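# Commentary on secondary and tertiary structure
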Amino acid sequence: MADYREAPLATRPKTLDPNEYFNLSPLQRRAEEERGAIRANLKRQYQTQLNNPHRKELIEDPALTRWVHARANPYSYFKPTYKTSLLGVMFGVAPVVFLYYLFKTDRV
Amino acid sequence: MRVSSSDRQQQPVNMAGVGFRRWAQALAKGKGSGISALLSGCRAASGMTNNDLPGPYPKTPEEKAAAAKKYNLRVEDYEPYPDNGEGYGDYPKLEDRSQHERDPWYGWDHPDLRRNWGEPMHWHFDMYIRNRVDTSPSPVPWNTMCKQLFGFIGFMLFMFYVGEIMPSYQPVADKQYPYNNLYLERGGDPEKQPEEVKHYEI
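For clarity, every value in this text was computed on a predicted model and none was experimentally measured.

## A few points about the overall build of chain A
- Along the backbone of chain A there are three helices and zero strands.
- Each helix and strand of chain A, placed in order from N terminus to C terminus, yields the pattern α-α-α.
- A total of 108 residues make up chain A; the buried ones form 10% of that total.
- Counting every atom, chain A has about 9,300 Å² of accessible surface; 63% of that belongs to carbon and sulfur.

This is the structure we're talking about:
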């Protein structure tokens, strides 16, 4: 596998990355172990719920709920700054004004 | 808990309130947290709580640690979006890599999305699914591709513009008609002698 080349238009899989195996400091190893532990815990929770014969309802995914909530409520954390005001004008005000004048002046 | 009927120390018990409270409790004992929760005014502590939902930008290290735990990330891995009022809150900033780049052979919990249950989702997850944006490496570096494409288009546009300004074609002259410039066909008088039109020089 030393002469492995990635498939065209694909990233190299993490398991075939040589940096994963050589020249690893204990800190990096510890980090990978911790990530693996979190992942294994989540897998265990999911499999327990999935294989529960008494389960009748859908398995709720808290990460999905959090994502939906975050995407639906950006205004709670909105602050008017130069950048946000500029974006607001560019996407919210300018097209309306521009199209208004276009429709009013350029008639068939 | 309804305050009027739960206060038993001094006031006489409101029988109607107690009855209602018992009915509500019976409802709450049943499975499901929807309607019964609404009616009884209390709900189970299991499932999603308000602490599990995204919150404001974390400022202290304790808040950062709590947020990392909430999102199932290591404290060192957790990096919130910069706090510039664009509406992200404490949502983690994950790598901008599409689901195309994930290992197709690993045993994902959701194989079509190439995602495990409970894994933090990218802010733009719906953009990075396998039907949409693909961040896989391109055959040639991206900048090279951009330069080649826009260079070619720009060059062609420039040459067409030059051709409009300075057109180049075979030399042409006015069309020469016979019979004295078609004198009779143009309605000239047959009695009169037309003037001679010579298209040649000897």
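## A closer look at unusual backbone geometry
Residue and element names in this part refer to chain B.
- Positioned with a positive phi, Tyr179 is a non-glycine residue whose angle comes to about 55 degrees.
- Among the secondary structure elements, Tyr179 is positioned in helix 6 (residues 178–182).
- Here Asn181, not a glycine, exhibits a phi torsion of approximately 60 degrees, which is positive.
- Tracing the backbone shows Asn181 in helix 6.
- Residue classification places Asn181 among the partly exposed positions, given a relative accessible area of 32%.

## Here we look at the interface of chain B and chain A
- Facing the 43 residues of chain B at the interface are 33 residues of chain A.
- The contact between chain B and chain A buries some 3,300 Å² in all, and 58% of this surface belongs to carbon and sulfur atoms.
- Summed over the three residues of chain B that lose the most area to chain A, namely B:Met48, B:Arg74 and B:Trp117, the buried surface amounts to 24% of that side.
- Where chain B meets chain A, there are seven salt bridges.
- Here A:Asp61 makes a salt bridge to B:Arg115, at a shortest N to O gap of 2.9 Å.
- Where chain B touches chain A, the interface holds 19 residue pairs in polar contact (both at pLDDT 80 or more).
- A breakdown of the residues in the side of chain B that touches chain A according to their chemical character gives 17 nonpolar, 14 polar and 12 charged.

## Structural notes on the side chain of B:Ser136
- Relative to the elements of secondary structure, B:Ser136 occurs in the loop between helix 4 (61–70) and helix 5 (142–165).
- Side-chain polar atoms of B:Ser136 contact the side chain of B:Asp134, separated by 2.6 Å.
- Leave out the neighbours within four places in its chain, and B:Ser136 touches A:Leu9, B:His100 and B:Glu101.

## Structural notes on the nonpolar core
- A:Trp67, B:Tyr71, B:Tyr78, B:Tyr91, B:Met121, B:Trp123 and B:Phe125 are the most contacted members of the largest nonpolar core, which totals 14 residues.
- Of all the secondary-structure elements, those providing two or more residues to this core are helix 2 (62–72) of chain A together with helix 4 of chain B.
- Discounting chain neighbours no more than four positions away, the residues touching B:Tyr78 are B:Pro58, B:Lys64, B:Ala67, B:Ala68, B:Tyr71, B:Leu73, B:Asp90 and B:Pro92.

## Topic: helix 3 (residues 82–105) of chain A
- Relative to the 34 Å expected for 24 residues at 1.5 Å per residue, helix 3 of chain A spans 32 Å between its end C-alpha atoms, a close match to the ideal helical length.
- A bend of about 35 degrees at A:Val93 is the largest found in helix 3 of chain A, and the proline A:Pro95 appears one to four places after it.

## Description of the side chain of B:Lys70
- Here B:Lys70 shows up in helix 4.
- Engagement of the side chain of B:Lys70 in a polar contact is seen with the side chain of B:Asp90, the distance being 3.0 Å.
- Beyond its immediate chain neighbours, meaning those up to four positions away, B:Lys70 contacts A:Arg66, B:Asn51, B:Asp52, B:Leu53, B:Pro54, B:Gly55 and B:Asp90.

## Details of the pattern of salt bridges
- Applying the stated criterion across every chain yields a total of 14 salt bridges over all chains.
- For A:Lys79, the salt bridge goes to B:Asp83, with nearest N and O atoms at 3.3 Å. One end of the pair, A:Lys79, is in the loop between helix 2 and helix 3; the other, B:Asp83, is in the loop between helix 4 and helix 5, on a second chain.
- Among the residues examined, A:Lys79 registers a relative accessible area of 35% and is labelled partly exposed.
- The class for B:Asp83 is partly exposed, based on a relative accessible area of 37%.
- One salt-bridge network, held together by shared partners, links A:Glu32, A:Glu34, A:Arg35, B:Arg74, B:Glu76 and B:Asp77.

Parameters at a glance
Residues numbered from 1 in each chain as written. Chains lettered and ligands numbered in written order. Predicted model: local features only at pLDDT ≥ 70, side-chain atom pairs only at ≥ 80, totals over all residues. Heavy atoms only, no water. Helix = DSSP H or I, 4+ residues; strand = E, 2+ residues; numbered from the N terminus. Buried < 20%, exposed > 50% of the residue type's maximum accessible area, 1.4 Å probe, protein only. Areas by Shrake-Rupley, 256 points an atom, 1.4 Å probe, with all protein chains shown as cover. Contact = heavy atoms within 4.5 Å. Buried area = accessible area lost by both parts, 1.4 Å probe. Salt bridge = Lys/Arg side-chain N within 4 Å of Asp/Glu carboxyl O. Polar contact = N/O pair within 3.5 Å; in protein donor to acceptor, adjacent residues only side chain to side chain. Nonpolar A, V, L, I, M, F, W, Y, C, P; charged D, E, K, R; others polar. Core = buried A, V, L, I, M, F, W, Y, C linked by side-chain atoms within 4.5 Å. Expected span 1.5 Å × (residues − 1). Bend = angle between axes of the 7 residues up to and from the residue.

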